[in-house]
Every structure is written in structure tokens, then in C-alpha cells.
Amino acid sequence: MIRIKAVEITGPRQVTVVEDELAEPGAGEVAMRSLYSGISHGTEMNVYRGDAPMWQRKQDRRRRLFVESDEPEWEYPLRYGYACVGVITAVGSDVTEFAEGDVVFSFAPHQSAHVLPAGSVSKLPKGLDPRAGVLTAVLNTTFNGILDANLHLGECVVVFGQGVLGQLTVQWAKLSGASPVIAVDLIEKRLVISKRVSGADIVFNAGEERDIAMAVRELTDDRGADVVFEFSASDRALNEAIRTACYNGKVIVMSWYAGALANVYPGAEFHHNRIQLISSQIAGISPELSHRWTAARRMEAVLSLMPKLNLEGLITDVVDLEGAAAAYEMIDKHPQDILQVVLDYGED
């Protein structure tokens, strides 16, 4: 048996570290000792706070609807997380694509070791800092968003929200040939990183430049942005993103919103400017791309392009596993002080 420690969410805003055991890997499986895992500041905070719909309702996967149920999708305690980097320590008898010592990524929860199907782990590029490898999950999410946007060379892109996903989208947009790429946030520290690390051409502090839509039009011969990405999970930001897009422009909605959106006014620019509001979510992709851009190909592309991105500069805090509860609380209460928190499982 393999002794492990795991992070569990035991109630709204309650986290603990527990001990457990795993069986040794069987046929088609690998054992992985965790090095680092990344805490998601968006999706995972909705889970941690108890805001995710899965706590109250169940998803009818055949009908693709959330329905009322006496047995909701999730119950406490829950092991969550989807950004784990580790080292292969053992392989099943029929596994040939991995060997002991390989550094790999998996969409696995926060725990010190895992036994996983071999097909669910991916080798990281040689020479990549393993801490930066935890960004593989959100790199897939943001790469998906770029594909959903159908971005073209020379198009103006605006990215609302400069958390780690917004930062990565700035980098993908630059790599795709967009120009100018404009970053928007309320937190000045993040905007500094947007310029210095992610390469944004222009940054706007939404607290100081209150009419972002007008400011973008002044930069684009009154057109507005061709593509706007919304990452902030703020209904006010979503409304401003709609205003910022040009006539027939696109708003790629990548936030997972908690609750209703009281400050979105669809009767104004959304209606009169024929704005395309596109939901981008990692479980799928635009139908016209789905045959060519399978999940496997997207992962392959992300892994091959990682060395072209500035990833290490986005890791701001590294915390020991035993400090997981404090790390969650820090993200929840002081998001302005951090960008990406990584749990460190140590060498032993």
C-alpha cells in the first residue's frame, strides 16, 4: 500500500489534510509521487466557498441540465483540484509509455501521491520547471478559448481579468499575432505583471479608466475590439466587455459565475451591435473544430508550446501541503496579493 496525505474540503470554506492509503498500480496504471499542485483561483474558489451548483443540484448528463435532487452531485468531504505535477514511481506490467523518474502532469486532486490510468497523465517538456507544470490545466482552458475565438492576425484583443488565466490568454493572443492586446483589471500589481511578464501592449486599470469601451475605441479608429475575453467573474466586467466589442464582435465568456448577473444590460450594446456571446468551457469546443482539434491534440499542442510562454513569472506563492487551509483562505480573502498559489509536497 502507498501512504498518502490529501486535501479535503469538509464544508463551505473549510479545508483539512487527511491521511489515507492507495493500492499499488495494476495493469494499465501508474503510481505518481506528487511534487506540486496548483490551486485554481476561479473554479476552485467556487467549490471551496460552496457556490458551485453541484453542491445543491445534480447534472442530468443526458439532458445537459442541472436539476433539483435529494442527492446533489457532490457531498462533503470532497477531494478537489485538477493541476498536479509529479514523478512516476512505479508502472503497471503492461505500461510501456512511462518509466520511473518521468515528470508528468495529471488532472488530479491535491494529494501527495496518486495511482492513475496511464492514459490520464502526460509527460512535461524536458527542462520545464515542474512548478510551472501545474499551469498545464489552465493552459488547456485558455488555449481552448483562443480556438473558440477564431482569432486572426492583427485583430484587437481585450482581456478582462488578469488572474493567471487572463495572463495566459494575453500570452496566447500575442503568440497568435493579435495586435494590440489590451489587459484590464482593478489590481495594479496584476497589470504590472501583464506588461512585464505576459507582454500586454496596453493595460487599463478599470478603477481609474472607468469607460474601457470608449478608451478601446479611441485606440481602434472607433471600431472597438474584435475579440474580448472575460475572466473576472464580475457581471459589471461582462457588461463592459460587451460594450467594448466592435459591431459583430465576439465576447468569449470564460468565467464560472456564482449566482445571477444583475448588472448585465442586454438591451443596449449586446442587442444593437449584434455581439456574439460565446461560452468557452474546457469540456468541449466549437463544432467546426471538434473533428480536428480533439482533446488529445489540444493537450499535445499545449505541451509543445509551453516553452514559448513565460510561465515561471506567474507563480507568486509556494506553500507546503500542511498550509493548504491557510492557502485557500489567502486566495479567498486576499486575491489582490497573489496570482498563482502552488502546493509543495516536498522531496520525501
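Participant: Help me understand the overall build of the protein chain, please; the structure alone is not making it clear to me.
Facilitator: Secondary structure assignment for the protein chain yields ten helices and 17 strands. Scaling as 2.2 N^0.38, a compact globule of 348 residues should have a C-alpha radius of gyration of about 20 Å, and the protein chain matches this with 21 Å. Along the first, second and third principal axes, the C-alpha set of the protein chain runs to 65 × 45 × 40 Å. Expressed as a percentage of the 348 residues in the protein chain, the buried residues total 52%. Within the protein chain, contacts between residues at least 6 apart in sequence are counted, and of these 67% link residues at least 24 apart. In the form shown here, the protein chain has an accessible surface area of approximately 16,400 Å², with 50% of it arising from carbon and sulfur atoms. Within the protein chain, the 47 negative side-chain charges are centred at a point lying 5 Å from the centre of the 32 positive side-chain charges.

Participant: I tried to follow the nonpolar core on my own but got confused; where do I start?
Facilitator: The nonpolar side chains of a soluble globular protein tend to be buried with one another. Counting 75 residues, the largest nonpolar core has Leu135, Leu139, Phe229, Leu311 and Leu343 as the members making the most contacts within it. If one sorts the elements of this core by residue count, helix H2 (residues 136–149) sits on top with seven residues. Not counting chain neighbours up to four residues away, the residues in contact with Phe229 comprise Gly145, Ile146, Ala149, Val157, Val158, Val159, Phe160, Thr169, Ile252 and Met254.

Participant: Would you mind going over the side chain of Ser106 with me for this structure?
Facilitator: Along the chain, Ser106 falls in strand S7 (residues 103–106). With residues up to four places along the chain from it excluded, the contact list for Ser106 reads Tyr82, Ala83, Cys84, Leu116, Ser120 and Val121.

Participant: Explain the pairing of strand S6 (residues 84–91) here, please?
Facilitator: For a regular strand, side chains alternate in direction, first toward one face of the sheet and then toward the other. Among the eight residues that make up S6, six are buried, leaving the element largely enclosed by the rest of the structure. Note: strand S3 (residues 29–39) against S6, seven bridges, orientation antiparallel. Bridge pairing links Tyr36 to Val85 in S6. Summarising the sheet, S6 and S7 pair through four bridges and their orientation is antiparallel. Each residue of the ladder has a partner; that of Val85, found in S7, is Phe105.

Participant: I would appreciate a short explanation of the packing of H2 against helix H3 (residues 164–175) in the present structure.
Facilitator: Between two packed helices, both the angle of their axes relative to each other and the distance between the axes serve to describe the pair. At a closest axis distance of 9 Å, the pairing of H2 and H3 adopts a crossing angle of 50°. Compared by their axis directions, H2 and H3 come out oblique. In this structure, the crossing between H2 and H3 has a hand that is right-handed. Here Val138, Leu139, Thr141, Thr142, Phe143 and Ile146 of H2 come into contact with H3, specifically with Leu165, Leu168, Thr169, Trp172 and Ala173. Of the residues in the contact of H2 with H3, the class split is eight nonpolar, three polar and no charged.

Participant: I keep staring at unusual backbone geometry and nothing clicks. Help me out?
Facilitator: The phi angle of most residues is negative, glycine excepted, and most peptide bonds adopt the trans form. In this model, Tyr76 is joined to Pro77 through a cis peptide bond whose omega is -5°. A positive phi is found at Arg64, a non-glycine position, where the angle reads about 55°. Residue placement: Arg64 occurs in the loop between strand S4 (57–60) and strand S5 (65–68). Of the residues examined, Arg64 reaches a relative accessible area of 64% and is grouped as exposed.

Definitions and cut-offs
Residues numbered from 1 in each chain as written. Predicted model: local features only at pLDDT ≥ 70, side-chain atom pairs only at ≥ 80, totals over all residues. Heavy atoms only, no water. Helix = DSSP H or I, 4+ residues; strand = E, 2+ residues; numbered from the N terminus. Rg over C-alpha atoms; globule rule 2.2 N^0.38 Å. Buried < 20%, exposed > 50% of the residue type's maximum accessible area, 1.4 Å probe, protein only. Contact = heavy atoms within 4.5 Å. Areas by Shrake-Rupley, 256 points an atom, 1.4 Å probe, with all protein chains shown as cover. Lys, Arg positive; Asp, Glu negative; His and termini not counted. Charge placed at Lys NZ, Arg CZ, Asp CG, Glu CD. Core = buried A, V, L, I, M, F, W, Y, C linked by side-chain atoms within 4.5 Å. Pairing = 2+ DSSP bridges. Axes fitted to C-alpha atoms, helices over the stretch in contact; angles between N-to-C directions. Parallel < 35°, antiparallel > 145°, perpendicular 65-115°, else oblique. Left-handed = near helix turned anticlockwise from the far one by under 90°. Nonpolar A, V, L, I, M, F, W, Y, C, P; charged D, E, K, R; others polar.

On their own, these measurements won't tell you what the molecule is for.
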